[in-house]
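Coordinate inspection notes
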Amino acid sequence: MTDVAQVFRILPEVILTITGVLIMLGEPLLAKNASRKPLGWLAVLGTLAALFASFWQLQLPAGTAYFGTVQTDAFSVFFHVLIAGIVLVTLLVTLDAAGRDAESLGELFALMCFGAVGMMLMSCATELLLVFVGLEISSISTYIMAAFRRKSAKGPESAIKYFLLGSFATAFFLYGIALIFGATGTTDIPQIAGLLSTSQVPVFGVIGMAMILIGIGFKVSAVPFQVWAPDVYEGAPSPVVGLMSTAPKAAAFAVLLRVLYTALPALHSHWQPLIWWMAALSMTFGNLGALRQQNIKRMLAYSSIAHAGYLLVAFTALSPDGIAAASFYAASYAVMNVGAFAVISHAGGMDDRLTLIQDYRGLAYRSPLLGGALAFFLISLIGIPFTGGFFGKFYVFASALHSGLVWLTIIGLVNSGIAVYYYLRPLVSVYSKPVHSDLLDGIPRVTVPLMFALLITIAGTLILGIVPGRVLALAKAGALTLQSTVSDTTTAVK
Amino acid sequence: MTSSLHLWLIPLVPFAGFLVNGLLGRRFPKALVTAIAWIATLIPFLQVLNIALHFSSLTLPYNERVATWITAGNFHADFAFALDQLTLIMLLVVTGVGFLIHLYSAGYMAHEEGYWRFFAYLNLFMFFMLTLVLAENFLLMFVGWEGVGLASYLLIGFYFTKDSAANAGKKAFVVNRIGDFGFLIGMFLLIAHFGTLSFDGIFSQIAQHPEWQGGFLTAIALFLALGATGKSAQIPLYVWLPDAMEGPTPVSALIHAATMVTAGVYMIARAHAIFDRSPFALSTVAIIGAATALFAATIGLVQTDIKRVLAYSTVSQLGYMFLACGVAAYSAGIFHLLTHAFFKALLFLAAGSVIHALSGEQDMRVMGGLRKKIPVTFWTMTAAVFAIAGFPPFAGFFSKDEILYQAFISPNPVGKIVWFVGLLTAGLTSFYMFRLWYLTFFGKSRADQAAAHTPEPGHHAEKEEHKHPVHESPWIMLAPLVILAILSVIGGWVGVPAALGGHNEIEHFLSPVMHAQHLSFEQVSVAMSTQQQAVVPAAEAPEGNKSLELLLAVVSVATALIGWFIAHLMYFAKPELPAQIAAKVRGLYSLLLNKYWIDELYGAVIITPVLFLSRYVLKGLFDTGVITGGGLALGYATQGIGSLVQRVQSGNIRSYAGWLALGAAALLLLTYFGFGTHLSF
């Protein structure tokens, strides 16, 4: 591949970077009181272009570029499309919710584009240092976005918490990279695999692996690194929470998959039990914690901890099926969760006027569309068939049991039983007889961008639940690109 | 026959009805909503009838693959439907009884708010139930399985204004999830061992491997049975069904008597090839069924709410069906499922008619003397009472007797015991049904005693202000009653045993399904262990002793007569007797009245600890919930960034960082000291 043609390997990232820069440049040109919506639409266009560029990358033969630092393959395309999709829906939701209380919206749109660039880099980087750069781009954008509720003290408070704790975790991640470099003399992911499997496993390598696990564990809010999630989710603006509970997590999971299965399969006997425990604890802690929450965003924060646990279950399966299940789960969780937050964002606006579950009482009577959509996403989060939530869980647990993880499967299924209880609370609330409430009367009409956002997420949830074939095939193809080494580990386990 | 039967239309038409009514029904007039819902149920019913008429000319089992669903590696599942004798019976029950209940609902729900919503949910239920019955693989069956649960939840919680209804719906959902957990694990094990979830694929593999006995098949069977206990309200997961009576009465009739709750029995019968290989699982199912039958019947003895009596009776009758499956008499179980669908749906609908007549009253203590006032309801209900009590020639007699007979002659070691428990239950059933009959229809009206008594709010609550005089229900409600009453009388004649001069047609009809493994069974019978022979389906046993069968029938009718006689004595001849007896055995009475305190036990043992953990332990440890920004918003705005830093340094973040560090330390220690260890779970 010629030098110029290499740029196709990072085409989506390039498109989004240009879009972000254009928005930054356009912002000061607009009059102070002018609507920032054109900038938002520009971002939407850019994201759409990045989405199509990602699909287009499927035509490229799988391969690397820029001295082997990035690799485009089915795996990277899967996560690129997912991330672009999440950002697209979030932009639409922001256009809808922020239209009313606009404040420096241009920055927000640009940050979303830049954040997406970071996450996309994470999912295609095959060089630990580039992974780190992507992680930082994504994290810093998210820290700033979390602070966007400037009228309320909750916003900055949650952003500062997120920033300080996040930096702490990032330090672990970086130190992990350094130790692995010390153990192997390289930070190139495929090379690490070769060096580790041939030699005796060095202590540094294992400790480095644990450090990376800690850093990623924080990003995906897995127990015991979950403390920040409820506070940050409660404080940040709802559209941003929809984004940061899904896209950066998906990217972090992609990194973890690549690192564990491509770079460190030789250490699987060390990381598998750790992830086993993280999965079991995350599911249990997340679900138990969610039971008593009154604030809907806090409840969904605990729910997202639990879902991170379900996803980690698939990691322990040590099989291509497990990798595919993990990727698929990331997608199915993303569509339903972003959808739920789209409703919450519209109902509450950027400033969270509706915070408690009981504030949603009678929503379905006020707006059948919003109420029905929220109910639908909750049903998917429960995991009822014909929704993506069901198939996500189905694949994860089927692959886990297939690999003989009986106890983890049982823990997971018991947990998904507990989860019904708290998902039903907002569901009942939404369909309960309306107590006449000013909160509900304050909900504006459903706008066109929101319609699109709901359409995409509802259709996505249904497609993943009814005809998941093509998505699953892509996830499976992605898993196979990591597989060459995986097959070794599976045989080693069995 | 090669032409397509278009089975996919059967579930899809009700779904179309759901979509139309659900999306647009709000704006439709009631008549249109009703018409759509009726037609959406009538079409599948006619289609099923049409199939039934041409049934003998079909090559069975008939499979219909609609589309590929998922392909994941070696695992593959289709949208595929199957038709065989078992499916046909289920289809007839679901669409036939379903249609009648749709008719009835139009009258019963006429004055309710959210009429369109009710019918939309009802059609949604039909869609999922028909999917469950028609599915050709466990996965699609599970879709229907979960779907009926969802529809049931929506219909129980139909009265959203009523907290008790919302809670009951939630309870049903959560308890059912525990059962679903069993079903899911069973499915995962099936995938792991067979690589497929298709019935055909699994059962043919089992047939080819006669050496597979017990072992993993026992595990699969037990997990599937756990799933069945959830849906079919058996011990230990029966607790949701009585509470589900909070839903409208037609819902109780359709979902909680005739169709959904029998899904567990259907599933076991469908998967009998698996159960046949595991004597242990079969015995477990038999014991669960017998225990539930007796247990629920004893609770039913003292309940005063007419619908609750019927609810416990349903649990008890489902126990019979389980018992039948447990002694490998699947045909008998399905037979009872069929007759039960008739008489129990009728009992609920008739009870609904009584409730309707009394403007929402459900307490039997304030009923009485209704015989003359609502004669059609009385006579139809009488047919149902005689059917469930097991008097010949009513439907229930034949099916119940078939179960008891099969249990008695079963080579299964628990056969005789469960037979005896079943017989005892038959007596209790007869007693509490006649108790209901006498209390409701005979004696003097006790409605005036109810002056101080206020009926439960909710259903028909809006009518409380202007109580109607007692009135017979409109024809649209009575017609289904009459049809079901006829079926409750003659429905059992398809299974008259040889001992009584019949041919037990239903047993023969079902035998191709229930003994599909017939050949392979015999081919290998030599190689089989003696244990295996214990579970050869009952029909394999030598032709039953006719006189023994007759004797058993006489014994069970006599038992039913005793039950009737005692009920007559206590609630007709000497109405003061019940109170005296209750006073004498106060402990026992209150044990039964409080349903053995099982709900309280579950609450104390499971729910309270979980909530405690959630509220105090986890919250106290991690979630200090210190985000209090709201109250400080003003202060923050004036004092600027300084106060923010103060707040951040106030310990909250430090403690969070502390937890983070602790977690990291734990993980690193585990990694370091766990060196080389390999947890292989």
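Basis of the calculations
Residues numbered from 1 in each chain as written. Chains lettered and ligands numbered in written order. Predicted model: local features only at pLDDT ≥ 70, side-chain atom pairs only at ≥ 80, totals over all residues. Heavy atoms only, no water. Helix = DSSP H or I, 4+ residues; strand = E, 2+ residues; numbered from the N terminus. Rg over C-alpha atoms; globule rule 2.2 N^0.38 Å. Buried < 20%, exposed > 50% of the residue type's maximum accessible area, 1.4 Å probe, protein only. Contact = heavy atoms within 4.5 Å. Areas by Shrake-Rupley, 256 points an atom, 1.4 Å probe, with all protein chains shown as cover. Lys, Arg positive; Asp, Glu negative; His and termini not counted. Charge placed at Lys NZ, Arg CZ, Asp CG, Glu CD. Core = buried A, V, L, I, M, F, W, Y, C linked by side-chain atoms within 4.5 Å. pLDDT = per-residue confidence, 0-100. Expected span 1.5 Å × (residues − 1). Phe/Tyr/Trp six-rings, centres within 6.5 Å; stacked < 30°, edge-to-face > 60°. Lys NZ or Arg CZ within 6 Å of the ring centre and 35° of its normal. Salt bridge = Lys/Arg side-chain N within 4 Å of Asp/Glu carboxyl O. Polar contact = N/O pair within 3.5 Å; in protein donor to acceptor, adjacent residues only side chain to side chain. Nonpolar A, V, L, I, M, F, W, Y, C, P; charged D, E, K, R; others polar. Axes fitted to C-alpha atoms, helices over the stretch in contact; angles between N-to-C directions. Parallel < 35°, antiparallel > 145°, perpendicular 65-115°, else oblique. Left-handed = near helix turned anticlockwise from the far one by under 90°. Patch = residues over 30% accessible without salt bridge, like charges linked within 9 Å, V, L, I, M, F, W, Y side chains within 5 Å.

**What about the overall build of chain A?**
Secondary structure assignment for chain A yields 22 helices and two strands. For chain A, the C-alpha radius of gyration of 21 Å lies close to 23 Å, the compact-globule estimate for 494 residues. In terms of overall dimensions, chain A has C-alpha extents of about 70 × 55 × 40 Å along its principal axes. Relative to its full complement of 494 residues, chain A shows a buried share of 69%. Across chain A, every contact between residues at least 6 apart in sequence was considered, and the portion connecting residues at least 24 apart equals 82%. With an accessible surface of roughly 14,600 Å², chain A has 70% of that area assigned to carbon and sulfur atoms. Taking the average location of the 26 positive side-chain charges in chain A and that of its 21 negative ones, the two points are 8 Å from each other.

**Brief notes about the overall build of chain B**
What chain B contains, in helices and strands, is 29 helices and two strands. For chain B, the residues scored as buried account for 61% of the 681 residues in total. Looking at chain B alone, contacts between residues at least 24 apart form 80% of all its contacts between residues at least 6 apart. Counting only carbon and sulfur atoms, one obtains 69% of the accessible surface of chain B, whose full area is about 25,100 Å².

**Topic: the nonpolar core**
In terms of nonpolar packing, the biggest core is built from 407 residues, with Leu264, Phe315 and Phe394 of chain A together with Phe138, Ile274 and Phe275 of chain B touching the most fellow members. Ignoring sequence-local partners within four residues, the contact set of Phe394 of chain A consists of Phe75, Leu139, Leu184, Met187, Phe188, Ile191 and Leu197 of chain B. One finds Leu323, Ala324, Ala332 and Ala426 of chain B within the second-largest nonpolar core, a separate group that totals 20 residues.

**With respect to the confidence of the model for chain A**
Summary statistics for chain A give a mean pLDDT of 88 and a share of 95% for residues scoring 70 or more. Under a pLDDT of 50 for its full length, residues 485–494 of chain A has, in the predicted model, 16 contacts with residues more than four places off or in other chains.

**Some thoughts on helix α12 (residues 268–291) of chain A**
Under the 1.5 Å per step criterion, the end-to-end length of α12 of chain A is 34 Å for 24 residues, consistent within 8% with the ideal 34 Å. Among the 24 residues in α12 of chain A, 21 count as buried, and that is most of the element.

**Regarding the packing of aromatic side chains**
Counting across every chain of the model gives 66 aromatic pairs over all chains. Centroid distance Phe55 of chain B to Phe509 of chain B: 5.6 Å. Interplanar angle 45°. Geometry classified as tilted. Note that Phe55 of chain B is positioned in the loop between α2 (30–53) and β1 (62–72) and Phe509 of chain B in helix α20 (residues 505–514), a separation of 454 residues in sequence. Taking the relative accessible area as the measure of exposure, Phe509 of chain B reaches 29% and is therefore partly exposed. Seen in terms of ring centroids, Trp212 of chain B and Phe216 of chain B are 5.6 Å apart; in terms of plane orientation they differ by 75°. Their pairing is edge-to-face. For Trp212 of chain B, a relative accessible area of 21% gives the class partly exposed. When its relative accessible area of 24% is taken as the criterion, Phe216 of chain B is described as partly exposed. Members of the aromatic cluster, joined through ring pairs, are Phe328, Phe390, Phe391, Phe394 and Tyr395 of chain A together with Phe138, Phe142, Trp145, Phe183, Phe188, Phe199 and Phe203 of chain B. Cation over ring: Lys170 of chain B sits above Tyr421 of chain A, and NZ or CZ is 4.9 Å from the ring centre.

**What to know about the pattern of salt bridges**
Residues and elements named next belong to chain A. Evaluated as defined, the whole model comprises 14 salt bridges over all chains. Note that Lys161 is salt-bridged to Glu157, the shortest N-O span being 3.3 Å. Highlighted residues: Lys161 and Glu157, both in helix α6 (residues 154–184), separated by four residues, approximately one helical turn. Given a relative accessible area of 2%, Lys161 falls into the buried group. The salt bridge involving Asp441 is made with Arg366; its shortest N-O contact spans 3.8 Å. With Asp441 in helix α19 (residues 438–441) and Arg366 in helix α15 (residues 363–366), this pair connects stretches of sequence that are 75 residues apart. Classification of Asp441 as partly exposed rests on a relative accessible area of 40%.

**Thoughts on helix α8 (residues 203–219) of chain A**
Residue and element names in this part refer to chain A. End to end, α8 covers 25 Å across 17 residues, agreeing with the expected 24 Å (1.5 Å per residue, within 8%). Burial runs high along α8: 15 of the 17 residues are buried. Ser221 lies just past α8 and shows a positive phi near 50°.

**A look at the interface of chain B and chain A**
Across the contact, 74 residues belong to chain B and 83 residues belong to chain A. Along the contact surface separating chain B from chain A lie zero salt bridges. Between the two partners, chain B and chain A, sit one residue pair in polar contact (both at pLDDT 80 or more). Top element by residues in the side of chain B that touches chain A is helix α29 (residues 652–673) of chain B. It accounts for 14 residues. Taken together, the residues of the side of chain B that touches chain A sort by class into 50 nonpolar, 14 polar and ten charged.

**Points about the confidence of the model for chain B**
All names here are of chain B. When the pLDDT values of chain B are averaged, the result is 80; 84% of them are 70 or greater. Taken element by element, chain B is modelled with least confidence in helix α21 (residues 518–523), mean pLDDT 37, and with most confidence in helix α11 (residues 263–270), mean pLDDT 93. Confidence drops under pLDDT 50 across residues 450–466; counting only partners more than four residues distant or on other chains, this segment forms 24 contacts. When the criterion is pLDDT under 50, residues 677–681 qualifies, and its contacts beyond four places in sequence or with other chains add up to nine contacts. Our summary of model confidence lists the complex with pTM equal to 0.83 and ipTM equal to 0.84.

**Focus on the packing of α12 of chain A against helix α13 (residues 296–315) of chain A**
Residues and elements named next belong to chain A. In contact at an axis separation of 7 Å, α12 and α13 are set at 155° when each is read in the N-to-C sense. If you check the angle between α12 and α13, you find them roughly antiparallel. Once α12 is placed against α13, the crossing between them reads as left-handed. Across the interface between the two elements, Trp271, Ile275, Met278, Ala279, Ser282, Met283, Phe285, Gly286, Asn287, Gly289 and Ala290 from α12 touch Met299, Tyr302, Ser303, Ile305, Ala306, Gly309, Tyr310, Leu312, Val313 and Phe315 from α13. Classifying every residue of the contact of α12 with α13 by side-chain character gives 15 nonpolar, six polar and no charged.

**Points about the environment of Phe79 of chain B**
Considering the arrangement of structural elements, one finds Phe79 of chain B in strand β2 (residues 75–83). Separated by 56 residues in the primary sequence, Phe79 of chain B and Ala135 of chain B have C-alpha atoms spaced 7.9 Å apart. Apart from the residues within four sequence positions on either side, Phe79 of chain B is in contact with Phe386 and Ile466 of chain A together with Glu64, Arg65, Val66, Ala67, Thr68, Trp69 and Leu140 of chain B.

**Describing a nonpolar patch on the surface**
A cluster of nonpolar side chains, Leu45, Leu48, Phe52, Phe55 and Leu58 of chain A, forms an exposed patch at the surface whose accessible area comes to about 490 Å². Position of Phe55 of chain A among the secondary structure elements: in helix α2 (residues 37–56).

**Topic: the environment of Phe342 of chain B**
All names here are of chain B. Note on placement: Phe342 falls in helix α15 (residues 330–357). On a C-alpha basis, the gap between Phe342 and Leu428 in space is 20 Å, while along the polypeptide they are 86 residues apart. Contacts of Phe342, omitting those with residues within four sequence positions, involve Val97, Leu484, Leu487, Ser488 and Gly491.

**Remarks on the side chain of Asp188 of chain A**
All names here are of chain A. Among the structural elements, Asp188 can be located in the loop between α6 and α7 (189–198). Of the side chains with opposite charge, Arg258 comes closest to the buried, unpaired Asp188, at an N-O distance of 10 Å. Setting aside chain neighbours within four positions, we find Asp188 in contact with Gly68, Thr126 and Glu127.

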